[in-house]
Amino acid sequence: MDLNTSSSSSSSSSSSLSSSDDDEHIFEIVVNLPRPRTFRNRFNPLENYDDLDFKTRFRLTKNTFMVLLNAVGNDLKHCTSRNYAIIPEIQLLIALRYYATGAFQVVLGDHIQVHKSTVCRIVKRVSKRLACLRPLFISMPKNQNEKQEVQIGFYQMHNFPRVIGAIDCTHIRIQSPNSDIGEQFRNRKGYFSFNVQAVCNSKMEIMNIVARWPGSVHDSTVFENSLLRAQIKNNEFEGCFLLGDGGYPYRSYLMTPLLNPTTNSEKNYQKARIGTRNVIERVFGVLKRRFPVLSVGIRTQPRTALTIIVATAVLYNILLKQNDEMLLNEQQLDNNLLEELPALPVRQIGNVVTNNVIETYFS
C-alpha cells in the first residue's frame, strides 16, 4: 500500500514538472515571436499645419514644396499595389524634416508615424533623387552671356573686375566613421567632417560644389584635384578670376589676399577682394541655417552623408530661384562665419597677374 502511494506521488510530481517545463517553453516561444505589424495613421503636415508653421518646420513654403514634388514625385512612387505604401508627399516631407532638424530618425518617425528604419531608407532615397537634379540647378556659366552676367554682378559689389566666382571650403560635421580610416575625417578643429568646396556668384547661387574629401584634407588639395581647376586650365574661363582666401595657393586665375598691403592701390585691392569674396562665406552661413543637419552633424553612413550634402545644395538653389526666403528671426549670421584665413608669405611671390590687376584697376 505504501509503495503504491509512493509510486503514485512520484508519477504526479514528474507530471507536474513536465507540465511546468512545457509551459516555460511555450512562454519562451511566444515572447520571441516577431512583433505583429501595425499600421499607424500617418500624420500629414500638409493638411495639419498652416503656411507659417509649415515653413518653420520644413524650411520652405507649401508652394515651393509642390514645385519640388512635381520635380521628384514620380521617381518616389512605389511600384507596388500593396496597401499602406508611403506616398511621395510623405517621403519628401520626411527628408525635408531631417534636413531642417538633423534629429534622430526615431524622433522623425514618431512625428510622421513611421518606423525609424523606414525613415532611414526614405532619407537616403529622396536625397539621391534630389542630388540627381544637380546638373539642372548647379552649374558654372556655360556661354559668354552667362559669364558676363556673373562678372557684372561681382563688379557691382565692390568694383572687382573679371570675377567668375568666389571659392571657399567649409566643414560639414559627420559622425565618426568607426573604421580604420576614421582619423582621416578628423579636421584641424578636432571633429569628424567632410571638407566641402563651393563656388558661388554675386547672387549667392551655388555654381559648383565638390563633396567627397575627408576633413583632414586641406582646401588647396580639394581645389587642385577638382574638375573646376581642370576646366580653368583648359581655358574654359579665359581671362576670368576666382577669388579665394589665404588657404589657397596663388594662381594666375585665383586672386588671393596680399600679406602686407602698403600702397593705396594694394589697400584698395585688398578691401575690394575681401568684400567681394565675402559672399561665399554668407552662402555657407545661410546654407547651414536653412538646413541645420549640416551644422549639428549628419548621422548616416559617409556615402549617404555626401548625397545629403549635395541634395541640400540643390535645394538651396531651388529655394533661391523660387524667392523662398528664410524667416526673419533666422537670417542673422554668426560673425565667426565671415572670418577668412590669413595670407601666407608665399602667396605674393611671383604674383605678376595680381600686380597688373592692382595697377590697372585699383591705382
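Here is a short report on the structure shown in this document. Note that this is a predicted model, so its numbers are computed, not measured.

### With respect to helix α4 (residues 62–76)
Between its terminal C-alpha atoms α4 stretches only 18 Å, short of the 21 Å expected from 15 residues at 1.5 Å a residue. At Asn70, α4 is bent by approximately 45°, the largest bend along its length. Listed in full, the buried residues belonging to α4 are Lys62, Thr64, Phe65, Leu68, Leu69, Val72, Gly73 and Leu76. As for α4, its buried residues are in contact with α2 (45–48), α3 (51–58), α5 (88–101), α7 (116–131) and α14 (302–321).

### Thoughts on the sheet that holds strand β4 (residues 241–243)
With mixed pairing, the five strands of this open sheet are ordered in space as β3-β2-β1-β4-β5. Each end of this open sheet is capped by a strand with a single partner; those strands are β3 (206–214) and β5 (254–255). Against the sheet, helix α12 (residues 264–290) engages β1 (163–173), β2 (193–200), β3, β4 and β5, with an angle of about 45° to β1.

### A short note on the pattern of salt bridges
Across all of its chains, the model carries nine salt bridges by this definition. Linking Lys203 and Glu149 is a salt bridge whose minimum nitrogen-to-oxygen distance equals 3.1 Å. Here Lys203 is found in the loop between β2 and β3, whereas its partner Glu149 is found in helix α9 (residues 144–158), with 54 residues between them in sequence. A residue is classified by how much of its surface remains accessible, and Glu149, at 48% relative accessible area, is partly exposed. Close ionic contact of Glu183 with Arg186 constitutes a salt bridge, the shortest N to O distance being 2.9 Å. Through salt bridges with shared partners, one network takes in Asp168, Arg277 and Glu281.

### Structural notes on the packing of α7 against α14
Here α7 crosses α14 at 50°, and the two axes come no closer than 8 Å. With respect to α14, the element α7 is oriented oblique. When you trace α7 past α14, the crossing you get is left-handed. On the side of α7, the interface is formed by Val123, Lys124, Ser127, Lys128, Leu130 and Ala131, while α14 contributes Thr304, Thr307, Ile308, Val310, Ala311, Val314 and Leu315. Split by residue class, the contact of α7 with α14 holds eight nonpolar, three polar and two charged.

Analysis parameters
Counting of residues starts from 1 at the beginning of each chain's written sequence and follows it residue by residue. Two thresholds apply to this predicted model, a pLDDT of at least 70 for residue-level local features and 80 or more for giving and counting side-chain atom pairs, whereas whole-chain, interface and lining totals are computed over all residues. To obtain the side-chain values, all non-hydrogen atoms of the structure were included, while hydrogens and water were left out. Secondary structure counts use DSSP, requiring at least four H or I residues in a row for a helix and at least two E residues in a row for a strand, with both numbered from the N terminus. For a helix, the expected span equals 1.5 Å multiplied by the residue count minus one. Across the chain, bend at a residue is computed as the angle between axes fitted to the seven residues ending at that point and the seven starting from it. Partly exposed describes any residue whose relative accessible area lies between the buried limit of under 20% and the exposed limit of over 50%, with all areas from a 1.4 Å probe on protein chains only and scaled to the type maximum. Note on contacts: a residue pair is in contact if any heavy atoms of the two residues lie within 4.5 Å. Strands pair, by our definition, only if DSSP identifies at least two bridges between them. Between the N-to-C directions of two axes lies an angle of 0 to 180 degrees, each axis being a line fitted to C-alpha atoms and, for a helix, fitted only over the stretch in contact. Between Lys or Arg on one side and Asp or Glu on the other, a salt bridge is scored when a side-chain nitrogen of the former is within 4 Å of a carboxyl oxygen of the latter. By definition in this entry, angles of less than 35 degrees are roughly parallel, angles greater than 145 are roughly antiparallel, angles of 65 to 115 are roughly perpendicular, and the rest are oblique. Should the near helix be turned anticlockwise from the far one by less than a right angle, the crossing is left-handed, and should it be turned clockwise, the crossing is right-handed. Under the grouping applied here, Gly and all other residues not named as nonpolar or charged are polar, the nonpolar ones being Ala, Val, Leu, Ile, Met, Phe, Trp, Tyr, Cys and Pro and the charged ones Asp, Glu, Lys and Arg.

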